[in-house]
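The lines below spell out each chain.
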Amino acid sequence: MSSAAPRPADQDHLWSVDEHLEDILATVRPLEPIELQLLDAQGCVLVEDVTVPVSLPPFDNSSMDGYAVRVADVAGASEEFPAVLDVVGDVAAGEAELLHVGPGQAARIMTGAPLPPGAETVVPVEWTDGGLGEGPVSGMRARSLAPEGAEGHVHVYRPAEARAHVRAQGSDIRAGDRALDAGTVLGPPQIALLAAIGRGTVRVRPRPRVVVMSTGSELVQPDESLGTGQIYDSNSFALTAAARDAGAIAYRVGAVADDAETLRSTIEDQLVRADLMVTTGGVSVGAYDVVKEALSSVGDEDEPGSGVDFRKLAMQPGKPQGFGSVGPDHTPLLALPGNPVSSYVSFELFVRPAIRTLMGLDDVHRPRTRATLTAKKALTSPKGRRQFLRGAYADGGVSPVGGAGSHLVAALAQADALIVVPEDVESVEPGTEVEVVLLG
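I will try to describe carefully the structure that is included in this document. (Residues numbered from 1 in each chain as written. Predicted model: local features only at pLDDT ≥ 70, side-chain atom pairs only at ≥ 80, totals over all residues. Heavy atoms only, no water.)

1. Regarding the overall build of the chain
The condition that has to hold: Every helix listed is a DSSP run of H or I at least four residues long, and every strand listed is a run of E at least two residues long, numbered separately from the N terminus. Here the globule rule is a power law, 2.2 Å times the number of residues to the power 0.38, and the radius of gyration is based on C-alpha atoms. Accessible areas in this description were obtained via Shrake-Rupley with a 1.4 Å probe; residue shielding takes into account the shown protein chains only.
When helices and strands are counted, the chain shows 8 helices and 29 strands. Its C-alpha atoms give the chain a radius of gyration of 32 Å, more than 25% over the compact-globule value 22 Å for 440 residues. Dimensions of the chain, computed from the C-alpha atoms along their principal axes, are close to 95 × 55 × 45 Å. Accessible surface, the chain: about 20,500 Å² in total, of which carbon and sulfur atoms supply 49%.

Laid out in structure tokens, this is it:
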């Protein structure tokens, strides 16, 4: 998980965004690979190439319901002069013993059924009378309703070329080919392919387990009544959802009161199910910032190499941050600010890359692009801070959404991008090209 320790804290050092992220990614390590059943491996990253043991399809089979015939027997067939063939039986999907189709013969064949020996092509049932002798039909009658359809004669009204409506063995993928590369994230199509080639398990890096915990005695759970000075806990829901969106198995812990001992105890209880812990709130310089109080010295004596450093970053929002490791397994912990926008922006910049690193992905960052700023007035930014403003991106342009306040949750819900204003820029005029982090 985390074989390296974070850099020691320097209370006077103002960290850059890049320095903080570099420290996180230098500390967090991909999870160890395990063998999982296919459905349990959904969303996980392959750690080895997968080679095809059996061709797909494994045999020549029909792509239509119809009749398996020899090409010469239907050459020149027309509605005026149909070819009349003897029906020797049925070939259904999964058939173990195949009929032999000889000269002047046809076998009624179902979609997916093996092409029987002697047959060279498949005539769709719509090109025949279905054995009824009453002109072209639109389909076959169910065998249970008309078992006699598998015998007698069939009139064929159109010719067919060799191997028409036949799926050739190996036409999808051949034995010995590489099915999937190491590093592939397993979604439904990849799982379908693994099942189709007979793989019931696969070796992957598991999805990281992330515990999200918000702090603050003022926080109330949704559906409860608000008292004086109370607000609903939105951060834990936002960050848990964000962790799941990033690929993690995320667990949400309800708000923990502003008590250092209670917080330490809760963290210790949650470590058993955490590959990464995320807290929100309590990392600033207030008298009730208990995350900082509870974790500043955690592990210094009992767990050498662990502990959490609290830092000031040259960014807005999200200046106060904490990072380190806790517990006997040195579980990484990221402590984020409590303001909703600060918390979410910090997650996107720091926690999401950490989750993707644990998964073993090569590209751990959100995509970035350049866009033209569309705004009614110039954007201002504090000198020496890298600012991340919420924005709406479309057609090569981006417009700010809401104000710069770090408490504006409603504006955050309308944003699908972050507008990046560099540290050395204090004003950005409309029409200027800016860097944009795409959140969608």
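There's more to say after this.
2. Describing the packing of aromatic side chains
Using the following cut-off: Here a pair means two rings of Phe, Tyr or Trp (six-membered ring of Trp) with centres within 6.5 Å. Their orientation is stacked below 30 degrees between planes, edge-to-face above 60, and tilted elsewhere. Whether a charge sits over a ring depends on NZ of Lys or CZ of Arg being within 6 Å of the ring centre and within 35 degrees of the ring normal.
Counted according to the given criterion, the structure contains 0 aromatic pairs. In this arrangement the basic side chain of arginine 158 is found over the ring face of tryptophan 127, its NZ or CZ atom lying 4.0 Å from the centre. Directly above the ring of phenylalanine 237 sits arginine 252, whose terminal nitrogen or CZ lies 3.9 Å from the centroid.

3. Observations concerning the packing of helix 1 (residues 17-27) against helix 7 (residues 340-359)
The condition that has to hold: In this analysis, axes come from line fits to C-alpha atoms, helices being fitted only over the stretch in contact, and the angle between any two N-to-C directions falls in the range 0 to 180 degrees. Should an angle lie under 35 degrees it is considered roughly parallel, over 145 roughly antiparallel, and from 65 to 115 roughly perpendicular; all remaining angles are considered oblique. Here a crossing is called left-handed whenever its near helix is offset anticlockwise from the far helix by less than a right angle, and right-handed whenever the offset is clockwise. By definition, residues are in contact when any of their heavy atoms lie within 4.5 Å. By the convention adopted, Pro, Cys, Tyr, Trp, Phe, Met, Ile, Leu, Val and Ala count as nonpolar, Lys, Arg, Asp and Glu as charged, and the other residues, Gly among them, as polar.
Interhelical geometry of helix 1 versus helix 7 gives an angle of 25° and a closest axis separation of 10 Å. Regarding the angle of helix 1 to helix 7, the classification is roughly parallel. The handedness of the crossing between helix 1 and helix 7 comes out as right-handed. Together, Val17, His20, Leu21, Ile24 and Leu25 of helix 1 and Leu349, Phe350, Pro353, Ala354 and Thr357 of helix 7 make up the contact between the two elements. Looking at the contact of helix 1 with helix 7 residue by residue, the classes come out as 8 nonpolar, 2 polar and no charged.

4. Brief notes about unusual backbone geometry
Stated precisely, the cut-off is as follows: Remark: exposure states derive from per-residue accessible area (1.4 Å probe, protein chains only) relative to the maximum for the residue type, with buried under 20%, exposed over 50%, and partly exposed in between.
Between leucine 56 and the following residue, proline 57, the backbone shows a cis peptide bond with an omega angle of -15°. Along the chain, proline 57 turns up in the loop between strand 4 (50-51) and strand 5 (61-62). The omega angle of the peptide bond from glutamine 316 to proline 317 is -5°, so this bond is cis rather than trans. Looking at where proline 317 falls in the secondary structure, it is placed in the loop between strand 20 (315-316) and strand 21 (320-326). You will see that arginine 163, though not glycine, has its phi angle at about 65°, which is positive. Within the fold, arginine 163 resides in the loop between strand 10 (152-156) and strand 11 (166-167). The class of arginine 163 is partly exposed, set by a relative accessible area of 39%. In this model, aspartate 395 sits at a positive phi of 50°, which is unusual for a non-glycine residue.

5. Here we look at the packing of helix 4 (residues 235-246) against helix 7
Between helix 4 and helix 7, the shortest axis-to-axis distance is 9 Å and the interhelical angle comes to 30°. On the basis of their axis angle, the class for helix 4 and helix 7 is roughly parallel. With respect to the hand of their crossing, helix 4 and helix 7 are arranged in right-handed fashion. Of the residues in helix 7, those in contact with Asn235, Leu239, Ala242, Ala243, Asp245 and Ala246 of helix 4 are Pro340, Ser343, Tyr344, Phe347, Arg352, Ile355, Arg356 and Met359. For the contact of helix 4 with helix 7, a count of residues per class yields 9 nonpolar, 2 polar and 3 charged.

6. A closer look at the pattern of salt bridges
Under the convention used in this document: Just to be clear on terms, a salt bridge is a Lys or Arg side-chain nitrogen sitting within 4 Å of an Asp or Glu carboxyl oxygen.
Scanning the entire structure with this criterion turns up 18 salt bridges. Taking the shortest distance from any N to any O, the salt bridge between arginine 386 and aspartate 18 comes out at 3.1 Å. A residue pair is termed long-range when its members are at least 10 positions apart, and arginine 386 in strand 25 (residues 386-394) and aspartate 18 in helix 1 qualify at 368 residues. According to the relative accessible area criterion, aspartate 18 is partly exposed, its value standing at 44%. Aspartate 60 serves as the salt-bridge partner of arginine 163, at 2.9 Å between the closest nitrogen and oxygen. Note that arginine 163 is positioned in the loop between strand 10 and strand 11 and aspartate 60 in the loop between strand 4 and strand 5, a separation of 103 residues in sequence.

7. Some thoughts on the pairing of strand 14 (residues 209-215)
Stated formally: Two strands qualify as a pair provided DSSP detects at least 2 bridges between them.
Counted residue by residue, strand 14 has 6 buried out of 7 residues, so it is predominantly covered. Examined bridge by bridge, strand 14 and strand 17 (residues 249-256) share 6 bridges and lie parallel to one another. Looking at strand 17, one finds that valine 212 is bridged to arginine 252.

8. A word on the pairing of strand 6 (residues 66-69)
Across 4 bridges, the pairing between strand 6 and strand 8 (residues 105-109) is antiparallel. Each residue of the ladder has a partner; that of alanine 68, found in strand 8, is alanine 107.

9. A short note on the sheet that holds strand 22 (residues 331-336)
Note on sheets: strands pair through backbone hydrogen bonds, and any given pair is parallel or antiparallel. The mixed open sheet is built from 7 strands, whose spatial order is 1-19-21-22-18-14-17. Edge strands, defined here as strands with exactly one partner in the open sheet, are strand 1 (14-15) and strand 17. As paired elements, strand 1 and strand 19 (residues 307-313) share 2 bridges and run parallel to each other. Within strand 19, the position partnered with tryptophan 15 by the bridge is leucine 313.

10. Here we look at the nonpolar core
Our working rule: Residues grouped as a nonpolar core are buried Ala, Val, Leu, Ile, Met, Phe, Trp, Tyr and Cys residues, joined through side-chain atoms within 4.5 Å.
Leu276, Phe350 and Ile355 are the most contacted members of the largest nonpolar core, which totals 40 residues. Of all the elements in the fold, those that place two or more residues in this core are helix 1, strand 14, helix 4, strand 18 (276-280), strand 22, helix 7 and strand 27 (417-421). Looking at this core element by element, the count peaks at 11 residues for helix 7. With sequence-adjacent residues up to four places away left out, isoleucine 355 is seen in contact with Pro208, Val210, Ala243, Ala246, Ala248, Leu276 and Phe347. By size, the runner-up hydrophobic cluster in this structure holds 20 residues, among which are Val211, Leu263, Ala274 and Leu333.

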